[in-house]
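# Descriptive analysis of the structure
The lines below spell out each chain.
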Amino acid sequence: MVRARKISTNLDNFASYRQGKYYYVDKTGFLRDFLQDGSSKVALFTRPRRFGKSLMLSMMAEFFDITKDSTPLFKGLAISRSKKLCRQWRNQYPVVFLSLKGFFNAASYEAACEQMLQKLQDSCMPYCFLLKSPHVNDIDKMTLKSVMFGQASVMDMQVALYRLCRALSDHYGKPAILLIDEYDTPVSNAEENGFYDTMIKFMQDFLTNSLKENSFLELAVLTGCLRVTRESIFSGLNNLDCFDITYPGYGDAFGFTEAEVYTLLEAFGMADKMDEVREWYDGYHFGNMDDIYCPWGIANYVRDHIKSPDMEPQLYWLNSSANEISRDVFQKTHFRLMESIEKLVDGGCIPVSLQTQMNYGDRYTSADHFWTLMYMTGYLTKASEEQRQYCDVELEQGKTACLIPNKEITRVWETQVRQWLKSEFDLRDIDSFVTAFWKGDTAGAEQALGERLLERLSYYDIQEYTYHVMLVVIFPGPAYTVLSNRETGLGRSDILILDKNQCRAAVIEVKRAAREEDLEARAREALAQIEAKKYDTALRAERTYTEILHWGMAFCGKLCKVVVKKETISLP
């Protein structure tokens, strides 16, 4: 096999991929299947960000565009083997491509409208020749000119795509194909910045004009993360078909299959990395397809390993600004979801009633809405039957077992929850607790916990898992390995803290006391449980640690009592 030369991590332009001879995973088979089906006039595909939606629409634009000859770009790709389809569709239609990807963080409706105008300018400028076309009417010319010169009113913007499609249809004598990428980005931005209702009304009029009333349209394809429905943003669009990640078809249209990943790795001489890549970046279930990989993670992994073959896998998702769990999520859920988050991070499943037609504004209204958002945006995926049985999850009717798809996203959850929680604390308080913890200083640990750290949690509904989660996330970054609810010895320990650099480890058992006077008894009960259940068995078997600490911790509201047993071990 001839090895590939280049891989791109930031291109979403199909022509640049092909002309620059970058490695391209052939997704043109989707276009063949979609066109052969032929039942959708307006189609919406919802997938998490970084799954190749923009590149897919760019590929479609090159294929349809009547102003180009894209035959060389598609040479050797799956769609080119469908000769009849190519004669019927390739370079046969005018194309309008509106990308709302990268919509900036507009702080107001007015600022968002300015950005929308800039995006519409980008879509209209390639067709400036329409302003001189004898086939285009003066009304359309006036609207297009106002957009191109940045002078369009809100009403002009709302009809701009309709007028552009009509002008193109009049000029070429053929209806247009409309492609809109990340249609819901303005809505998401508006929800974050407090003008959701106003933007919903704008988008309702904008999309209705572009899609419902547009008789000059041959076909429209939209992409996004969610289908925004409650406010009737697609009001009256009885020709809209939505293909979300639960739809059984098109499961491999976005994202890489396992076979595609293996072929890619083989092309770059990295076939031996398949097991590592599978552990870190596999695990998504779209439609009836298992083992879908995020293209963003795979491309970045290959790029980095070309330069540094022994490099550890990285959290590429975390470095993507489009995929950041909002801190508001945790503030507004008041720790009520933390028990489930802990279970997920520990490799378990949770039952969710997926609200697939939810809106961005719904995400704080119930646990199911929050988990649905995490599912739709790639933080969770549907568990396979085997995974569900392994996790031993009982499902009520209408519930779906969900879990974190892979090691990368598990680490993202851990990292972002830890960063958020630490932002609520004074780092000096954390440091003082960690120092006292390893010294076995019970007075210092109690002071840091009771007088400082627990004070920050006063506005939460404190349950036993609240203390548990606080202890899990409080240990800083890569210096420690923190394991929660792991089978060890004769049962499941609450928390294991591993510090291999310093050859030390700790077992923590957490109890909650109903009354302040019960604190010490509960703490000693926790310590006795560690020893009775032999929770340190695996730590001793590693023969790595010269110090092992047993911590029994009991909490009552914002009060705590801790006891410790510290053992020094001589290694051979």
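Just so you know, these numbers come straight off a predicted model, no measurement behind them. (Residues numbered from 1 in each chain as written. Predicted model: local features only at pLDDT ≥ 70, side-chain atom pairs only at ≥ 80, totals over all residues. Heavy atoms only, no water.)

## Here's the deal with unusual backbone geometry
The cut-off we apply is this: Here a helix means four or more residues in a row that DSSP labels H or I, a strand means two or more in a row labelled E, and each is numbered from the N terminus.
Unlike most non-glycine residues, Arg-50 shows phi in positive territory, near 70°. Considering the arrangement of structural elements, one finds Arg-50 in the loop between strand S1 (42–46) and helix H3 (53–64). Despite not being glycine, Arg-543 has its phi angle at roughly 50°, a positive value.

## Quick notes on the sheet that holds strand S10 (residues 381–382)
Defined as follows: Paired strands, in this sense, are two strands between which DSSP finds at least two bridges. Only heavy atoms matter for contacts: two residues are in contact if any of them lie within 4.5 Å across the pair. Comment: axis = line fitted to C-alpha atoms, over the contacting stretch for helices; angle = value between 0 and 180 degrees taken between N-to-C directions.
Within the open sheet, the three strands sit side by side as S9-S11-S10. Their pairing is antiparallel. Each edge of the sheet is formed by a strand with only one pairing partner; in this case those strands are strand S9 (350–352) and S10. Bridge analysis of S10 against strand S11 (residues 400–403) gives two bridges, and the strand direction is antiparallel. When the bridges of S11 are listed, Thr-381 appears paired with Leu-403. Each of S9, S10 and S11 is contacted by helix H15 (residues 367–376), which is oriented at about 100° to S9, the strand it contacts most.

## Here's the deal with helix H12 (residues 295–307)
Just so we agree on the cut-off: Here the expected length of a helix is defined as 1.5 Å per residue gap, with one fewer gap than residues. The buried label applies to any residue whose accessible area, calculated with a 1.4 Å probe on protein chains only, is under 20% of its type's maximum; exposed applies above 50%, and partly exposed to all values in between.
For H12, spanning 13 residues, the distance from its first C-alpha to its last is 19 Å, which sits close to the expected 18 Å at 1.5 Å a residue. Of all 13 residues that make up H12, 10 are buried, and the element is covered over most of its length. Here H12 has its buried residues at Pro-295, Trp-296, Gly-297, Ile-298, Ala-299, Asn-300, Tyr-301, Val-302, Asp-304 and His-305. Residues of H12 that are buried make contact with strand S6 (256–257), helix H10 (258–267), helix H11 (274–281) and strand S8 (289–293).

## So, the sheet that holds S8
Spatial ordering of the open sheet is given by S6-S8-S7, a layout of three strands whose pairing is antiparallel. With partners counted over all chains shown, the strands left at the sheet margins are S6 and strand S7 (284–286), one partner each.

## A look at the side chain of Thr-223
In this structure, Thr-223 sits in strand S4 (residues 217–224). What makes Thr-223 buried here is its relative accessible area of 1%. When residues no more than four places from it in sequence are discounted, the contact partners of Thr-223 are Leu-44, Phe-45, Lys-53, Leu-57, Ile-180, Asp-181, Glu-182, Tyr-183 and Asp-184.

## Some points on the pattern of salt bridges
Side-chain pairs of opposite charge can arise where the charged atoms are in close proximity. Condition: Here, a salt bridge means any Lys or Arg side-chain nitrogen found within 4 Å of an Asp or Glu carboxyl oxygen.
Under the definition given, this model contains 27 salt bridges. Asp-140 is paired through a salt bridge with Arg-166; the nearest N and O atoms lie 2.6 Å apart. Of this pair, Asp-140 sits in helix H6 (residues 138–148) while Arg-166 sits in helix H7 (residues 154–172); the two residues are 26 residues apart in sequence, bridging distant segments of the chain. With respect to class, Asp-140 is no different from Arg-166; both count as buried. Salt bridges linked by common partners bring Arg-49, Lys-53 and Glu-182 together as one network.

## Here we look at the packing of aromatic side chains
Applied cut-off: Any pair of Phe, Tyr and Trp rings, taking the six-membered ring for Trp, is counted once the centres come within 6.5 Å. Such a pair is stacked with planes under 30 degrees apart, edge-to-face with planes over 60 apart, and tilted for the rest.
Evaluated as defined, the whole model comprises 38 aromatic pairs. Here the aromatic rings of Tyr-17 and Tyr-22 are separated by 6.1 Å at their centres, their planes lie at 70°, and the arrangement is edge-to-face. For Tyr-22, a relative accessible area of 26% translates into the label partly exposed. When the ring of Tyr-127 is compared with that of Phe-129, the centres are 6.0 Å apart and the planes differ by 70°; the resulting orientation is edge-to-face. In this structure an aromatic cluster arises from ring pairing among Phe-14, Tyr-17, Tyr-22, Tyr-24, Phe-63, Phe-64, Phe-74, Trp-89 and Tyr-93.

## Structural notes on the packing of helix H5 (residues 109–124) against H6
Put simply, the rule reads: Handedness of a crossing is defined here by the sense of rotation of the near helix relative to the far one, left-handed for an anticlockwise turn of less than a right angle and right-handed for a clockwise turn. Only Asp, Glu, Lys and Arg are considered charged, only Ala, Val, Leu, Ile, Met, Phe, Trp, Tyr, Cys and Pro nonpolar, and every remaining residue, Gly among them, polar.
Orientation of H5 relative to H6, taken along the N-to-C sense of each, is 120°, at an axis distance of 8 Å. For the element pair H5 and H6, the recorded crossing hand is left-handed. Side by side, H5 and H6 meet where Leu-117, Leu-120, Gln-121 and Cys-124 of the first sit next to Leu-144, Val-147 and Met-148 of the second. The residue makeup of the contact of H5 with H6, split by class, is six nonpolar, one polar and no charged.

## Observations regarding the nonpolar core
Going by this rule: Within this scheme, the nonpolar core is defined by two criteria: the residues are buried Ala, Val, Leu, Ile, Met, Phe, Trp, Tyr or Cys, and they are joined through side-chain atoms within 4.5 Å.
Core analysis: the biggest nonpolar cluster contains 85 residues, and Met-60, Phe-64, Leu-207 and Leu-222 have the highest contact counts within it. Setting aside residues no more than four positions away along its own chain, Leu-222 makes contact with Val-42, Ala-43, Leu-44, Phe-45, Ile-180, Tyr-183, Leu-207, Leu-211 and Phe-234. If you look at the next biggest cluster of nonpolar residues, it comprises 82 residues, including Leu-226, Tyr-293, Ile-409 and Leu-449.

## A look at H7
An α-helical turn contains 3.6 residues, so any two residues separated by three or four positions project in the same direction. The line we're drawing: Values of bend correspond, residue by residue, to the angle between axes fitted over the seven residues ending at that residue and the seven starting there.
Taking 1.5 Å as the rise per residue, H7 with 19 residues should run 27 Å; its terminal C-alpha atoms sit 28 Å apart, in good agreement. If you look at H7, its biggest bend is around 50°, right at Ala-160.

## Describing the pairing of S4
Most of S4 is tucked away: seven of the eight residues are buried. Pairing of S1 with S4 involves five bridges; the strand directions are parallel. Bridge assignment links Ala-43 to a residue of S4, and that residue is Val-221. In terms of strand pairing, strand S3 (residues 176–181) meets S4 through five bridges, oriented parallel.

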